[in-house]
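Next come the chains, spelled out residue by residue.
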Amino acid sequence: MNKGKIKWGMLGGGQGAFIGIAHRIAAYMGERYELVGGAFDVDYDKGLAFANELELDAHRVYADVSAMIEAENQLPKAERIEVVSIVTPNFLHFPMAKALLVGGFHVICEKPMTMTAAEAKELNELVEQTGKHFCLTHTYTGYPMVRQMKTMIANGEIGDIQRVDAQYYQGWINPFIHESEKRKEVWRLDPAKSGISCCIGDIGLHAFNLVEYTTGLQVDHLLSDLNYLYEDNSLDVDGTVLIRMGKAKGVIRSSQIATGEENNLTIQVYGKEGGLKWCQENPTELTLLKEGQPIQILKPGNPYNAPLTMDSTKMAPGHPEGIFDAMGNIYKGMAKAIREEQPLEGEYPTVQEGVRGMQFIEKVVESNRDGNVWIKI
């Protein structure tokens with residue numbers, strides 16, 4: 001088995017793509033991956049020019065995923081790409097991931113994993129059949145204090161969960177949504193590229209994922225109320241979802257028309273014995289609430305944190321870590337899996353989280369369409 005750096009490829013993420021930069025920084029951070037090639041742009045010449053900037057071998061820059069799979073599989077096993085990151089618009093995730101798994105590659109995929117729950121289930125079956133590893137980049141699960149929150153809840157430190165409140169507010173669509181012609185320029189508002197949902201599928205999904213990741217519970221019923229703003233706009237830009245998880249209840253609120261908001265993702269979990277609160281815009285602090293006791297602020301790098309938290313922390317206490325570090329932790333967990341080391345539980349999101357996410361999106365849209373009714377997932 002190859003024990004050197006993992007040979008890594010990318011689909012998308014070329015010149016000017018922020019998400020591509022994020023993935024490359026995350027992969028390089030742990031010094032476990034080596035980018036050797038890929039199909040970086042729908043325009044081959046642009047992709048080749050971009051690869052030249054990174055000083056990659058021009059022979060391993062491909063026009064599309066099919067060309068990459070065919071050429072790489074002709075190379076000796078020790079030389080070929082082992083894992084590929086998909087950082088393209090939503091509608092390409094499923095066909096690319098399917099082709100890669102069948103072609104013998106591990107997959108790292110941006111969310112949402114697919115366009116439909118049926119496609120997600122098909123990928124799940126393919127992962128089981130091929131034995132390949134699949135990582136879904138729900139980046140926020142990589143933050144050390146989110147992982148601390150998960151561990152403390154699992155250890156019963158706040159008691160049985162009674163209430164969950166998750167929020168993800170942005171305002172970036174506000175400048176486009178109010179004019180029909182401007183809306184046409186936004187691919188996330190195009191159902192052919194984005195799927196059946198914009199806001200819920202893009203950011204509400206992250207809030208949902210954090211709810212299930214931190215609590216260890218699954219949402220079993222939901223009721224949604226979505227906002228489209230204009231009759232000729234077919235995808236939601238704002239929404240509220242009531243959720244039930246057994247006896248626990250809560251709400252997921254997401255908006256891309258929250259004027260002035262940047263990336264306001266928060267999660268608050270309240271148990272019988274205490275509460276925990278975390279905010280993405282201040283990610284190094286986890287607030288612990290206890291009845292009749294002073295508020296406590298837990299921070300990364302300190303020995304009171306759990307092993308998963310400590311393993312996810314790169315810097316000494318007081319040195320802030322951010323979004324690249326969070327994604328880097330996910331890449332590190334995937335690297336352990338590829339090299340047949342033993343990742344800690346919760347180190348990287350898998351294909352199962354992708355299935356849950358697509359089920360959530362479809363049920364949210366269905367609940368709203370049917371008149372804001374309770375629906376079982």
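Residues numbered from 1 in each chain as written. Predicted model: local features only at pLDDT ≥ 70, side-chain atom pairs only at ≥ 80, totals over all residues. Heavy atoms only, no water.

## Re unusual backbone geometry
Here Lys 111 and Pro 112 are connected by a cis peptide whose omega angle stands at -5°. Inspection of the secondary structure assignment puts Pro 112 in the loop between strand S4 (106-109) and helix H5 (117-130). If you check the backbone angles, Glu 55 has positive phi at about 60° while not being a glycine. One can find Glu 55 in the loop between helix H2 (44-53) and helix H3 (65-72). Positive phi is not limited to glycine here, since Asn 372 has a value of about 60°. (Helix = DSSP H or I, 4+ residues; strand = E, 2+ residues; numbered from the N terminus.)

## A few points about the sheet that holds strand S13 (residues 296-298)
The sheet built from nine strands is open, its strands ordered S13-S12-S11-S10-S6-S9-S8-S7-S14 with mixed pairing. The open sheet terminates on both sides in strands that have one partner only, identified here as S13 and strand S14 (375-376). Sheet analysis places strand S6 (residues 161-169) next to strand S9 (residues 248-255), joined by seven bridges and oriented parallel. Counted as the bridge partner of Ala 166 is Ile 252 from S9. Against the sheet, helix H13 (residues 351-369) engages strand S7 (221-227), strand S8 (238-245), S9 and S14, with an angle of about 65° to S7. (Pairing = 2+ DSSP bridges. Contact = heavy atoms within 4.5 Å. Axes fitted to C-alpha atoms, helices over the stretch in contact; angles between N-to-C directions.)

## Considering the environment of Glu 273
For Glu 273, the location among the structural elements is in the loop between strand S10 (264-271) and strand S11 (275-279). On a C-alpha basis, the gap between Glu 273 and Thr 130 in space is 44 Å, while along the polypeptide they are 143 residues apart. Ignoring anything within four residues of it in the chain, the contact list for Glu 273 reads Glu 157, Ile 158, Gly 159, Leu 289 and Lys 290.

## Some details on the sheet that holds strand S5 (residues 134-136)
One open sheet accounts for five strands, arranged S2-S1-S3-S4-S5; its pairing is parallel. What marks the edges here is a single partner per strand, and that holds for strand S2 (33-39) and S5. The mean inter-strand angle of the sheet, taken between neighbouring strand axes irrespective of direction, is 20°. Note: S4 against S5, three bridges, orientation parallel. Within the sheet, the bridge partner assigned to Ile 108 lies in S5 and is Cys 135. Against the sheet, helix H12 (residues 323-338) touches strand S1 (6-12), S2, strand S3 (83-87), S4 and S5, its axis set at about 170° to S4.

## Let's talk about the nonpolar core
In this structure, Leu 11, Leu 100, Leu 123, Phe 134, Ile 252, Trp 278 and Phe 360 are the most contacted members of the largest nonpolar core, which totals 72 residues. Here Leu 123 is in contact with Phe 94, Ala 97, Lys 98, Leu 101, Met 113, Thr 114, Phe 134 and Val 351, once residues within four sequence places are set aside. If you look at the next biggest cluster of nonpolar residues, it comprises 25 residues, including Ala 22, Met 334, Ala 335 and Ala 337. (Core = buried A, V, L, I, M, F, W, Y, C linked by side-chain atoms within 4.5 Å. Buried < 20%, exposed > 50% of the residue type's maximum accessible area, 1.4 Å probe, protein only.)

## Remarks on the layout of surface pockets
One number sums up the size of the largest pocket: a volume of about 1,000 Å³. Taken together, 40 residues make up the lining of the largest pocket; nearest its centre are Ile 19, Val 87, Glu 110, Trp 187 and Arg 188. Taken together, the elements giving at least two residues each to the lining of the largest pocket come down to S1, helix H1 (18-29), helix H4 (93-103), helix H10 (199-215) and H12. Residues of the lining of the largest pocket, tallied by class, amount to 23 nonpolar, 11 polar and six charged. By volume, the second largest pocket is sized at about 490 Å³. Forming the walls of the second largest pocket are 26 residues, and the residues nearest its centre are Glu 345, Tyr 348, Pro 349, Thr 350 and Glu 353. Here the lining of the second largest pocket is composed, by residue class, of 10 nonpolar, eight polar and eight charged. (1 Å grid on protein atoms, 1.4 Å probe; cavity = no way out; pocket = protein on both sides within 12 Å on 5 of 7 lines; lining within 4 Å. Points joined across faces, edges and corners; volume = space filled by probe spheres on them. Nonpolar A, V, L, I, M, F, W, Y, C, P; charged D, E, K, R; others polar.)

## Notes on the side chain of His 93
As for its placement among the helices and strands, His 93 is situated in helix H4. Side-chain polar atoms of His 93 contact the backbone oxygen of Glu 110, separated by 3.3 Å. For His 93, the side chain forms a polar contact with the main-chain oxygen of Pro 112, separated by 2.6 Å. In this view, His 93 contacts Ile 86, Thr 88, Cys 109, Glu 110, Lys 111, Pro 112 and Met 113; residues no more than four positions away in its chain are not counted. (Polar contact = N/O pair within 3.5 Å; in protein donor to acceptor, adjacent residues only side chain to side chain.)

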